[in-house]
Each structure stands twice: as C-alpha cells, then as structure tokens.
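Remarks on the overall topology
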Amino acid sequence: MDLTAELTAPCSVAELFGWVEDLETYPQWLEIVTKVERRDDEAWAVDLRGRVGPLARSKRLRMVRAEFEPPHRVVFERR
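The following refers to the structure shown.

The next subject is the packing of aromatic side chains. Evaluation of the coordinates by the stated rule reveals four aromatic pairs. Between the aromatic rings of Phe 17 and Phe 68, the centroid separation amounts to 6.0 Å while the plane-to-plane angle is 35°, which identifies the pairing as tilted. With Phe 17 in helix H1 (residues 13–20) and Phe 68 in strand E3 (residues 55–69), this pair connects stretches of sequence that are 51 residues apart. A relative accessible area of 38% means that Phe 68 is categorised as partly exposed. Seen from their ring centres, Tyr 26 and Phe 76 are 6.3 Å apart, and the 80° between their planes marks the pair as edge-to-face. Here Tyr 26 is found in helix H2 (residues 26–29), whereas its partner Phe 76 is found in strand E4 (residues 73–78), with 50 residues between them in sequence.

Right, dumping it as structure tokens:
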C-alpha cells in the first residue's frame, strides 16, 4: 500500500524535523504511540495502542532508524 500525506506546519523545517527525528517525542504528538524507550544507540522499544469502538489492542515494536538525512528525511523501520 502506498500512502501519501501533506502537512502545512506553523514552524520551520528544522524545528519540525527536530520532532520527527526523535522517536522519544512521538507520545507527545502521536496518539497511537503511548511509550518509547531507547534501548541503545540504534534501537527503541515503541508501544502502540489502537482503538476501534470498544476494542483496544496494544503492541510493542522494536524500531531502528534506517535512514537519516537531516533536515529532510528520517525513516524508522520495525526490526
């Protein structure tokens, strides 16, 4: 599946990249990310929680940063 999204942010690219490059900030602005713990220099444990009606599911993922080109691109992958 390909997904494309567009965002108009009320801040500079550098400031926005500062939020997106650090997984530990995700619980502050992305509702499905409930907890992030850094495991080492290259890995994080990320807890996700989703709800559909009365049903809720949680999952813990091991994420690594696969690409890092400040201030334009950062990619995290599940490993």
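If you look at the biggest cluster of nonpolar residues, it comprises 11 residues: Phe 17, Leu 23, Tyr 26, Val 33, Val 36, Trp 44, Val 46, Leu 61, Met 63, Val 74 and Phe 76. Contributing elements (two or more residues each) for this core: strand E1 (33–38), strand E2 (43–52), E3 and E4. Setting aside residues no more than four positions away along its own chain, Met 63 makes contact with Leu 23, Glu 42, Ala 43, Trp 44, Val 46, Phe 76, Glu 77 and Arg 78.

Before going further, it helps to spend a moment on the pairing of E1. Where E1 and E2 come together, five bridges link them in antiparallel fashion. Residue Arg 38 lies in a different strand from E2, and its bridge partner there is Trp 44. Hairpin remark: E1 followed by E2, antiparallel, with four residues in the connecting loop.

The next subject is the sheet that holds E3. Paired through backbone hydrogen bonds, the strands of a sheet run either parallel or antiparallel to each other. In space, the four strands of this open sheet follow the order E1-E2-E3-E4, with antiparallel pairing throughout. At either end of the open sheet lies a strand with only one pairing partner, and these are E1 and E4. Across the sheet, the axes of successive neighbouring strands diverge by a mean angle of 30°, strand direction being ignored. Across 10 bridges, E2 lies against E3 in antiparallel orientation. Within E3, the residue paired with Gly 50 across the bridge is Arg 57.

Reading the values: rules and limits
- Residues numbered from 1 in each chain as written.
- Predicted model: local features only at pLDDT ≥ 70, side-chain atom pairs only at ≥ 80, totals over all residues.
- Heavy atoms only, no water.
- Phe/Tyr/Trp six-rings, centres within 6.5 Å; stacked < 30°, edge-to-face > 60°.
- Helix = DSSP H or I, 4+ residues; strand = E, 2+ residues; numbered from the N terminus.
- Buried < 20%, exposed > 50% of the residue type's maximum accessible area, 1.4 Å probe, protein only.
- Core = buried A, V, L, I, M, F, W, Y, C linked by side-chain atoms within 4.5 Å.
- Contact = heavy atoms within 4.5 Å.
- Pairing = 2+ DSSP bridges.
- Axes fitted to C-alpha atoms, helices over the stretch in contact; angles between N-to-C directions.

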